[in-house]
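# Inside the fold
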Amino acid sequence: MYQHTRLTSNQFNFFQKFRNFDYILLVCILLLGFISLATMYSTEGGKVLFHTKSHFIKLIVFTVMMLIFSFINIKFWFSIGYFSYFVVISLLVWTYLFGITSSGSKRWIDLYFINLQPSELMKIFIILCLAKYFHRMKLENVNSIYTILTSLIIIILPMGLVIVQPDLGTSVLIAISGIAVLWFAGINYKYFIYTILGFLILLPFIIAFLKPYQKLRVLTFLNPDRDPLGAGYQIIQSKIAVGSGGLFGKGFLKGTQSYLEFLPEKHTDFIFTLFSEEFGFVGSALLLIIYAIIIYRIVAIGASSRSYFAKIFCYSFGAAIFVYITINMSMVLGLLPIVGSPLPIMSYGGSSMLATMMGFGVVMSARVHSQQSIA
Amino acid sequence: MINSSSDNAQKLNSINRRMFITGSLKFFIMFGIVSRLFLLQVKENKKYLTLSDKNRIREWKLAPVRGEFHDYFGNIIAGNFESYQLHVIPEQVEDFRYLIYRLKDLLELSDNEFKKIIKKKKEIKPWETLIVSDNLSWTQFSKINNHLYDLNGVKPVISISRNYPFGENFTHVLGYVNQANKNDIESNESIKKNFVPGLKIGKVGLEKSFENKLIGTNDIERYEVNAFGRRISQLEFQKGKKGQTLRLTVDTKVQQLANELLKEQAGSICVMDIYTGSIIAMHSSPSFDPNLFVFGISQEDWQIIRNNPLKPLVNKTLQGNYSPGSTIKPIVALSALENGIINPNFTVKCTGKTEMYGETYHCWKKKGHGFVSLRNGIKQSCDTYFYEVARKLGVDKLSETAKKFGLGEKVFGNLFDIEKQGLIPNTQWKKNALGKGWLLGETMITGIGQGYIQTTPIQLCLMTAQIANGGYKIYPKIIVNEENNYQPSDKYIPLYKNSKNIKIIQDAMFGSTNEVMGTSYRSRIDDPKYQFAGKTGTAQVKKITERERELDLKTFEIPYENRDHALYIAFGPYKNPRYALSILVEHGGNGSTTAAPMAKKLFKLIIDRHLLRQSFNNKKYLEI
């Protein structure tokens, strides 16, 4: 009898889980996946070539993975918080030692079927780890020196491992993910303010320590016309592409800037430029709305979660996704210097999509198991 | 437990508060991004759209087709011909080394040319056109076409180039074309506008003067290009305008005769219509073939032209400042008559020389002419007579008359940048230029066209024409097309005070050619249809020493560069004159033996062709 009940309750649980699904989020993610496929198709001049195929396969695989993740109890995600962090840290060390060097930086490890970029995964697992760290902590302990130092070490360790690759952009994004958790965990405002002030004071010294190419990027950002065919080329061409899109865009597959190869990195960091050129202001605004809905759903899921871990994860993940989007768009719109940062889901890149989808998976799991409390 | 739950509530409070702050921040940032998008895509859309088009559309200009020159009868004297060129696009060539050696064999290129091509290839991008040869002969061209099957990426092209069908005949009128250099581009706006690599522009002569009209406009091809400048597709082809065709007043037949007459000699011939000022022929000898310059002149050819002692590069008609010699005498006489210094019966006794302040001034005739009147003075070109007239007249009055008749200033204005203005001296000029006072002896030698006075052959021609037409001012022109002719208000104003004086001079010139004892009597034509009147001139290039005077050398006995210049001015037909000419033969010895006979041949042809010229003009009207 008991057995039977358990069985039925499990079965019920399965359907329950389906019912608990956040379909709006799912639809938005699928929509985004579809848009990214179409855009990828356009980057290849209207042909199904390597990038489109590869992107399509990754989308399918990772969406399925996300769905599987959402059926896994949130408790499981809580339990692997530290473990996964150390796995990724060791992957980063592995990368440092045996990674694949490409265009001057050592970011990938060869997994035979896929080249993995562990730094991208770290963007998610640092949230997972810190969320677990703060889950059980009493509010009065949060601001203790010990806690702050520990959490800072948790953030700085992967940052350092990524900076040496070298990959400043991703390390900054990892830091932002971590800082988002610290923020939601309730670290005192004054530390944030002090940090910002300290950063501003140290800025000139930081610039002095930047590598020449990084300095160039900053200078170029301040004045792209300084070297229109060299360092300023990307940003100038990107602005031209976006600006020439107009209200309704040049039309699907008709973006001359990308078709004629004026756009750099159009598959990855600059994919929004191409989308914006072809679909104009209306299309871009729509894309932004989809992102806004996704972020809103993530935050809403966090709000409705019972466990503090799920809450802190969802809020931080939502903030992180928002920051990724903001940084990417600001960069292609000429509001920020060029830093390598992909646009979640849209950009081509397995590791980035894997990390994002994992994040969505955990969020979805939080939704499905929203009533689950974690001791 | 209570503690824990209150802590939980606190934590929730804290996290929700912070979520609220974050949410508001997100909202503002999102708003910022959307406004940025709006700014770029909606407000500044135009700017970026233009930039995008600039990015993607590139224009290729093709060399414009140059306007032609026609002679008066519509014969092409500077035209265009189809030149055969060989283009290679290195990118489309599988094995460039093989191809280039194959071409070297086929075209029999010299090592020098071959190296040039290799160098050019290195300078261009692989998808740009490499011009292997810009002027292939027909045999080479057909050879290439026969071997096209194993010459991948080779394009035989037919292109348009300048051609001068009459070769050297018109060189000093038309000039020649050659590749534009940096200076040309910077100094001329229309060259700058139409410039394409390899553009040929006029370097001297009318080709240069009328560059703006001749150049035409480029054909423009608009291509869509990618970021690397590779053409993707042609969007537009805009046909350019061919340059304007200019019809000259010159008569090719007369010009050819002028060429023939001065063959192997240095000199100049110009023929002018005395009423319209139309230049019938204008030649400076020796000339050179302008076709040599079209594709860049070879070093050997250039050395031959440059080192020719007869100076083919100098346009003697416009640039040559020569002493007019006795050809100035009609003007001296006219000036004296006009100013009332003498009357036609004024007589001087010529003993072969005259003395003034201890200097001896010789007449060309040692024995002297005896008693000479004005008419005989011109007819026999008595120097003594004109020493006396000039002495009485004074140089200032003489220069006034000479300038009135077109001496001492540029005949074509600014049309030819090389034209010299000659020099008509007066007392004021000498004071300013040399800082010395004028001497009476200088007046005397000016009276026979020696000393400071210098004129160009075209000025002498204009002077003659204005005497021939009864003393009315004309403006020489060389272009027929109406709009090019600026009509100054003082055209046809009388240059004389008393028209009788002009008649006296004309009559004296008639005597000089058509009466016994006249200096050019031997060159006369008796047929009244061709009968002409003229005045010889023999300009010394060097002061004759007493010793030489005693030796009385024949022309061929004197070294070439010391021989006198031979000049002749004439107009005809005498009854009802229509044409004037001036002839100059550098170091030709003597005006009456060298220059005057040429006039005889010229008048024969010019007057024969007069009717044709007239009727051609009339026919034009009939056609309309």
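Residues numbered from 1 in each chain as written. Chains lettered and ligands numbered in written order. Predicted model: local features only at pLDDT ≥ 70, side-chain atom pairs only at ≥ 80, totals over all residues.

Turning our attention to the overall build of chain A. A count of helical and extended segments in chain A gives 16 helices and 3 strands. Counting over 375 residues, chain A shows a buried share of 49%. Considering only contacts within chain A whose residues lie at least 6 apart along the sequence, 70% involve residues at least 24 apart. (Helix = DSSP H or I, 4+ residues; strand = E, 2+ residues; numbered from the N terminus. Buried ≥ 20, exposed ≤ 12 C-beta atoms within 10 Å, placed from the backbone. Contact = placed C-beta atoms within 7 Å.)

Let us now look at the overall build of chain B. When helices and strands are tallied, chain B shows 25 helices and 19 strands. Considering chain B as a whole, with its 624 residues, one finds that 42% of them fall into the buried category. By sequence separation, contacts in chain B at least 24 residues apart represent 73% of the contacts at least 6 residues apart.

Let us look at the nonpolar core. Residue and element names in this part refer to chain B. Core analysis: the largest hydrophobic core is formed by 108 residues, its most contacted members being V271, M272 and L581. With 8 residues, helix α21 (residues 457-468) is the single largest residue contributor to this core. No fewer than three residues from each of domain 1 (65-247) and domain 2 (252-304 + 314-622) sit in this core. Excluding residues that lie within four positions of it along the chain, M272 makes contacts with G277, S278, I279, I280, C461, L462, A465, P476, Y579 and A580. (Core = buried A, V, L, I, M, F, W, Y, C linked by C-beta atoms within 7 Å. Domains from an automatic or database assignment.)

This brings us to the interface of chain B and chain A. Of the residues lining the interface, 35 residues belong to chain B; the matching set on chain A comes to 36 residues. It is helix α1 (residues 2-43) of chain B that contributes the most residues to the side of chain B that touches chain A, 20 residues altogether. Considered class by class, the residues forming the side of chain B that touches chain A number 17 nonpolar, 9 polar and 9 charged. (Nonpolar A, V, L, I, M, F, W, Y, C, P; charged D, E, K, R; others polar.)

Residue and element names in this part refer to chain B. A cis geometry characterises the amide bond from S285 onward to P286, with omega recorded as -5 degrees. Tracing the chain through its elements places P286 in the loop between β12 (279-285) and α12 (291-294). For S381, which is not glycine, the phi torsion reads 55 degrees and is therefore positive. Mapping S381 onto the fold places it in the loop between α16 (374-379) and α17 (383-393). Residue classification places S381 among the buried positions, given that 28 C-beta atoms sit within 10 Å.

With that out of the way, let us pick up the sheet that holds strand β11 (residues 267-273) of chain B. Residue and element names in this part refer to chain B. Strand order across the open sheet formed by 5 strands is β12-β11-β19-β18-β17, with antiparallel pairing between neighbours. On the outer flanks of this sheet lie β12 and β17 (533-539), each paired with one strand and no other. Here the average twist between neighbouring strands, direction ignored, is 10 degrees. Two elements, strand β18 (residues 565-572) and strand β19 (residues 579-585), share 7 bridges in a ladder whose sense is antiparallel. Paired with F571 across the two strands is A580, which belongs to β19. Across the face of the sheet, helix α11 (residues 252-261) comes into contact with β11 and β12 while running at roughly 25 degrees to β12. Running at roughly 30 degrees to β18, helix α24 (residues 591-608) makes contact with β11, β12, β17, β18 and β19 of the sheet. (Pairing = 2+ DSSP bridges. Axes fitted to C-alpha atoms, helices over the stretch in contact; angles between N-to-C directions.)

Residue and element names in this part refer to chain B. With 12 residues, helix α2 (residues 45-56) should cover 16 Å at 1.5 Å per step; its first-to-last C-alpha distance of 16 Å lies within 8% of that length. Every buried residue of α2 is accounted for by Y48, S52, N55 and R56. Here the buried residues of α2 occupy an arc of 80 degrees about the axis, which is enough to place them on one side. Of the residues in α2, the exposed ones pointing more than 90 degrees away from the buried face are K46 and K54. (Expected span 1.5 Å × (residues − 1). Arc of directions from axis to C-beta.)

Burial of α17 of chain B is extensive: 9 of the 11 residues sit out of reach of the surface. Regarding α17 of chain B, the residues found buried are D383, T384, Y385, F386, Y387, E388, V389, A390 and L393 of chain B.

On to the sheet that holds strand β1 (residues 57-62) of chain B. All names here are of chain B. Strand order across the open sheet formed by 3 strands is β1-β8-β9, with antiparallel pairing between neighbours. Lying at the two open borders of the sheet, with one neighbouring strand each, are β1 and β9 (231-238). Strand-to-strand twist across the sheet, computed as the mean angle between neighbouring axes with direction ignored, equals 30 degrees.

Our focus in this paragraph is the pairing of strand β2 (residues 105-110) of chain A. Residues and elements named next belong to chain A. Two strands pair when backbone bridges link them, and strand β1 (residues 100-102) and β2 are joined in this way by 3 bridges, in the antiparallel orientation. Bridging from a neighbouring strand, T101 pairs with K106 of β2. One ladder, built from 2 bridges, connects β2 with strand β3 (residues 115-116); its direction is antiparallel. In the strand pairing of β3, D110 is matched with N115.

You can see L37 of chain B is positioned in helix α1. Sequence-distant contacts of L37 of chain B, defined by excluding residues within four places in its chain, comprise F281, S284 and L333 of chain A.

With that out of the way, let us pick up the pairing of β18 of chain B. All names here are of chain B. β18 sits mainly inside the fold: 8 of its 8 residues count as buried. Here β18 shows a buried face lined by H565, L567, I569 and F571 and a second buried face lined by A566, Y568, A570 and G572. Pairing geometry for β17 and β18, over 7 bridges, is antiparallel. Its bridge partner being in β18, G534 is matched across the sheet by A570.

Before going further, it helps to examine the packing of helix α12 (residues 233-245) of chain A against α2 of chain B. Axis separation between α12 of chain A and α2 of chain B bottoms out at 7 Å; the angle between their running directions is 120 degrees. Compared by their axis directions, α12 of chain A and α2 of chain B come out oblique. As α12 of chain A packs across α2 of chain B, the resulting crossing turns out to be left-handed. Across from K239, I240, G243 and S244 of chain A in α12 of chain A, the residues of α2 of chain B making contact are N45, K47, Y48, L49, L51, S52 and N55 of chain B. Residue composition of the contact of α12 of chain A with α2 of chain B, by class: 4 nonpolar, 5 polar and 2 charged. (Parallel < 35°, antiparallel > 145°, perpendicular 65-115°, else oblique. Left-handed = near helix turned anticlockwise from the far one by under 90°.)

Glancing now at the packing of α12 of chain A against helix α14 (residues 271-304) of chain A. Residue and element names in this part refer to chain A. At a minimum axis separation of 6 Å, α12 and α14 run at an interaxial angle of 25 degrees. One element, α12, and the other, α14, form an angle in the roughly parallel class. Helix-helix and strand crossings are classified by hand; for α12 and α14 the assignment is left-handed. Facing S238, A241, V242, S244 and G245 of α12, the residues of α14 in contact are T273, L274, S276, E277, E278 and G280. Residue composition of the contact of α12 with α14, grouped by class: 3 nonpolar, 6 polar and 2 charged.

Moving on to the confidence of the model for chain B. In this model, chain B carries a mean pLDDT of 86, and residues with pLDDT of at least 70 account for 97%. Complex prediction metrics read pTM 0.66 and ipTM 0.89. (pLDDT = per-residue confidence, 0-100.)

All names here are of chain B. Mapped onto the elements of the fold, I274 is located in the loop between β11 and β12. A tally of 24 C-beta atoms within 10 Å means that I274 is categorised as buried. The spacing of I274 and K473 is 199 residues in sequence and 9.6 Å in space, taken between C-alpha atoms. If near-sequence neighbours (up to four positions away) are discounted, I274 is found in contact with A465, A468, N469, F571, P577, R578, Y579 and A580.

Residue and element names in this part refer to chain B. Positionally, Y164 belongs in the loop between β5 (154-163) and α6 (171-174). The class of Y164 is buried, set by 25 C-beta atoms lying within 10 Å. Once residues within four sequence positions are removed from consideration, Y164 is found in contact with A78, F170, P290 and N291.

This part is about the confidence of the model for chain A. For chain A, mean pLDDT is 86; residues scoring 70 or higher make up 94% of the total. Of all helices and strands in chain A, the one with the weakest mean pLDDT is helix α1 (residues 2-20) of chain A (59), whereas α14 of chain A scores best (94).

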